[in-house]
Every structure is written in structure tokens, then in C-alpha cells.
Amino acid sequence: MKTLILYASKTGVTKDIALMIKDSCQTDITLMDVEDCPANLLSQYELIVLGAPIYMGYVHRSMRKFVFKHLDFLITKRFFIFSVGADATIDLDKYLAMSYPKALLDATISTMYLGGEFRMESLNPIKRFITKQVSDELQKCGPSEVKIHTHNIKVFTQQLADYIIHSQEKGRFFDETSSTNISKRDT
Ligand SMILES: Cc1cc2nc3c(=O)[nH]c(=O)nc-3n(C[C@H](O)[C@H](O)[C@H](O)COP(=O)(O)O)c2cc1C
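If you're wondering where the values come from, they're calculated on a predicted model, not measured in any experiment.

A separate point is the overall build of the chain. Check the secondary structure of the chain and you find seven helices and six strands. Along the chain, helices (α) and strands (β) appear in the sequence β-α-β-β-β-α-α-β-α-α-β-α-α when read from the amino end. By sequence separation, contacts in the chain at least 24 residues apart represent 84% of the contacts at least 6 residues apart.

Now the structure itself:
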């Protein structure tokens, strides 16, 4: 089953997580920044993994823009969706429903929150200041530490790998059954 991971990432956290998923899936998966993805590439893939961080309560803008622009075509596919963010207490379904169209969520097999990080190094002083404010606010809201959730990444990757293998086996079964039927009919 041809699989594409599309990610959006401002400071590199989501990109790193997307890479971890690709590397541990041990199957042939293409990885691409959503901003570099040409529309005609989508026709080559049956399964698409969408990974994006949450900023101010919404999935990263470039991911939302891409999804809404290509929605008619995208809903013919199947999806796995992961979210990255600093707030581990979020109601993920609620956040996803605010950012992604229902038709896309209806075609989604699995969604998971995979944690996040604040990476100040790559930011200019203004963005660093804003990020510090957000980080301080989140620390006040709850005791949970801001970190990448490696356990969730493992679970998500396993689900993805299982789905790919299962779909391939199902495809092989139907291929074999139909070729058997053809040869029976032909003889
Ligand atoms: C201005 C700003 C707003 C943010 N808003 C949220 C938010 O609403 N919810 C959340 O869980 N995390 C929020 N975060 C945290 C980011 O989602 C987190 O740092 C993530 O790891 C960034 O991923 P990226 O490097 O792939 O862009 C915010 C971060 C910044 C700097």
C-alpha cells in the first residue's frame, strides 16, 4: 500500500517525529513537507499520514490550507493523523474537528497526540519572546511536562504498520481469488 507522510512544522519538532515514524515503520514510505507537495503526487498514494503541530488552538495553517485546497481529491484516500503540541491535556478530537473537514476525519483510521517541544534556538528574538510567554502559560495550566511522547509514537507507528500490512495481505488475497476465478472460468 503506497503511503505518504505529509508534515507541517515551524521549528522542526513535527518533522523529527514524522522521520521517526517513517524510520521505524520498516516499509516503503515517502516523507514530504506539505509545502513542497505538488497536487499531482497525491494520485500515487492510497494512504496518507498527516502530521502537524497545534498553534493557538488550530492545526498549523499550511496543513489546513493544503487539506481544504485538495479536499475533493483527498477524501478518496485513507488517513492516519497525528498532532504535535505542548498541551498534553487537550481534547484531540475537538481540536481536529476545528481544523480538519468532517469528510476527511470520516476517512481517518487513527488519530493520536504525540507530545511536543518548545525549541527556542531556531527562533528570532520576537518569536522567542512569544514562545516563552506561551510556554509559561502552559506551565501554569497544568503539571504535565512538555515533551515528545515516545510511547504514543510507538503505538501510532505500530497501528500504521499493522494497517499497511493488513491492507497488503487483503489486496493479495483478492488478487489471488480473482485470478483463481478467472482461471476456473477459463478452463
Ligand atoms: C505561539 C505558539 C502557540 C502555541 N499554541 C499551542 C496550542 O494552542 N496548543 C498546544 O498544544 N501547543 C501549542 N504550542 C506549542 C507547539 O505546538 C509546540 O512547540 C510544537 O512542538 C511545535 O512543533 P513544530 O516545531 O513542528 O512547529 C504553541 C507554540 C507557540 C510558539
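So, about the site of the ligand. By nearness alone, 23 residues border the ligand, and S9, T11, T14, G85 and G116 come closest of all. Mapped onto the shell around the ligand, the elements with two or more residues apiece are helix 1 (13-25), strand 3 (47-55) and helix 6 (125-141). Looking at the shell around the ligand, its residues break down into eleven nonpolar, eight polar and four charged.

Further remarks concern the environment of Q44. By secondary structure assignment, the location of Q44 is in the loop between strand 2 (29-33) and strand 3. Given 9 C-beta atoms within 10 Å, Q44 falls into the exposed group. With 41 residues separating them in the primary sequence, Q44 and T3 have C-alpha atoms 8.7 Å apart.

Further remarks concern the pairing of strand 1 (residues 3-7). Buried residues dominate strand 1, accounting for four of its five residues. Where strand 1 meets strand 2, five bridges bridge the pair, whose relative direction is parallel. Looking at the pairing, I5 lines up with L31 of strand 2. Regarding topology, helix 1 serves as the crossover connection from strand 1 to the parallel strand 2, and that connection is right-handed. Pairing analysis gives five bridges linking strand 1 to strand 3, with the strands arranged parallel.

Looking now at the pairing of strand 3. The buried fraction of strand 3 is high, at seven of nine residues. One ladder, built from seven bridges, connects strand 3 with strand 5 (residues 78-84); its direction is parallel. In the sheet register, L50 faces strand 5, and the bridge partner there is I81. Where strand 3 meets strand 4 (residues 58-59), two bridges bridge the pair, whose relative direction is antiparallel.

Looking now at the environment of Q168. When you line up the elements, Q168 lands in helix 7 (residues 150-186). For Q168 and M1, which are 167 residues apart along the polypeptide, the C-alpha to C-alpha distance reads 5.9 Å.

What counts as what
- Residues numbered from 1 in each chain as written.
- Predicted model: local features only at pLDDT ≥ 70, side-chain atom pairs only at ≥ 80, totals over all residues.
- Helix = DSSP H or I, 4+ residues; strand = E, 2+ residues; numbered from the N terminus.
- Contact = placed C-beta atoms within 7 Å.
- Near = placed C-beta within 6 Å.
- Nonpolar A, V, L, I, M, F, W, Y, C, P; charged D, E, K, R; others polar.
- Buried ≥ 20, exposed ≤ 12 C-beta atoms within 10 Å, placed from the backbone.
- Pairing = 2+ DSSP bridges.
- Right-handed = clockwise from strand over helix to strand, strands pointing away.

By themselves, these observations are geometric and do not establish any function.
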